[in-house]
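Letter by letter, the chains look like this.
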Amino acid sequence: MFDLVLNHASRKGQWFANYLADVDPGRDYFIEVDPAADLRAVVRPRSTPLLAEVATTRGTRHLWATFSEDQIDLNFANPMVLSEFIDIIFEYVARGARLLRLDAVAFLWKDIGGPCIHLPQTHRLIKFLRALLAHYAPGVQLITETNVPNRENLTYFGNANEAHAIYNFSLP
């Protein structure tokens, strides 16, 4: 099993260093948010601030950080982010992955003004990844980690077209 951390990247990683320097890859991989935006509807798994203030070559920016200021959320509205993850998935498969655990997937897509959890775009992305794997590596299975109540967790099966298996922290 390989762990695929989709929702966020480390503040110490190369993509984030590139974001700070305004170079690719990474320049547009993170979600900048106006600190005055109304984010009250966002469902939070942590009590830490949702936005992380960072100094960049373009000045101070505020980035979405669902879990902590060290884990900066990635912007899947940017197709290059998805492309990077497809490359990572192919590398994992080449190294023998039979199971891919999608970490914190419930928080993947952001929609300012909404709850930003279990959004349709997230479910479409999981369906896409399953279809991609069915074609490229038919034996590889997706496992979603959501850490939400069971009824919400079950939605990640879709209609047998999303995750092959699901879990939250209480199940293991």
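Reading the values: rules and limits
- Residues numbered from 1 in each chain as written.
- Predicted model: local features only at pLDDT ≥ 70, side-chain atom pairs only at ≥ 80, totals over all residues.
- Heavy atoms only, no water.
- Salt bridge = Lys/Arg side-chain N within 4 Å of Asp/Glu carboxyl O.
- Buried < 20%, exposed > 50% of the residue type's maximum accessible area, 1.4 Å probe, protein only.
- Helix = DSSP H or I, 4+ residues; strand = E, 2+ residues; numbered from the N terminus.
- Core = buried A, V, L, I, M, F, W, Y, C linked by side-chain atoms within 4.5 Å.
- Contact = heavy atoms within 4.5 Å.

S.K.: Break down the pattern of salt bridges for me, citing the residues and quoting the values.
M.R.: The final tally for this structure, using the stated rule, is ten salt bridges. Residue Arg101 is joined to Asp103 by a salt bridge in which the shortest nitrogen-to-oxygen separation is 3.0 Å. Like Arg101, the residue Asp103 is buried in the burial classification. A salt bridge links Glu145 to Arg101, with the shortest nitrogen-to-oxygen separation between them at 3.3 Å. Of this pair, Glu145 sits in strand β7 (residues 141-145) while Arg101 sits in strand β6 (residues 99-103); the two residues are 44 residues apart in sequence, bridging distant segments of the chain. Note on Glu145: relative accessible area 4%, which makes it buried.

S.K.: Can you lay out the nonpolar core for me, pointing to particular residues and giving the numbers?
M.R.: Grouped together as the largest cluster of nonpolar side chains are 40 residues, with contacts concentrated most on Leu6, Phe30, Leu74, Phe76, Phe85, Leu102 and Leu133. Elements that contribute at least two residues to this core include exactly α1 (14-21), β3 (51-56), α2 (79-94), β6 and α3 (120-136). When residues no more than four places from it in sequence are discounted, the contact partners of Leu102 are Leu4, Leu6, Ile126, Leu129, Leu142, Ile143, Thr144 and Glu145. Within the second largest apolar cluster, eight residues are counted, among which are Val33, Leu50, Trp64 and Cys116.

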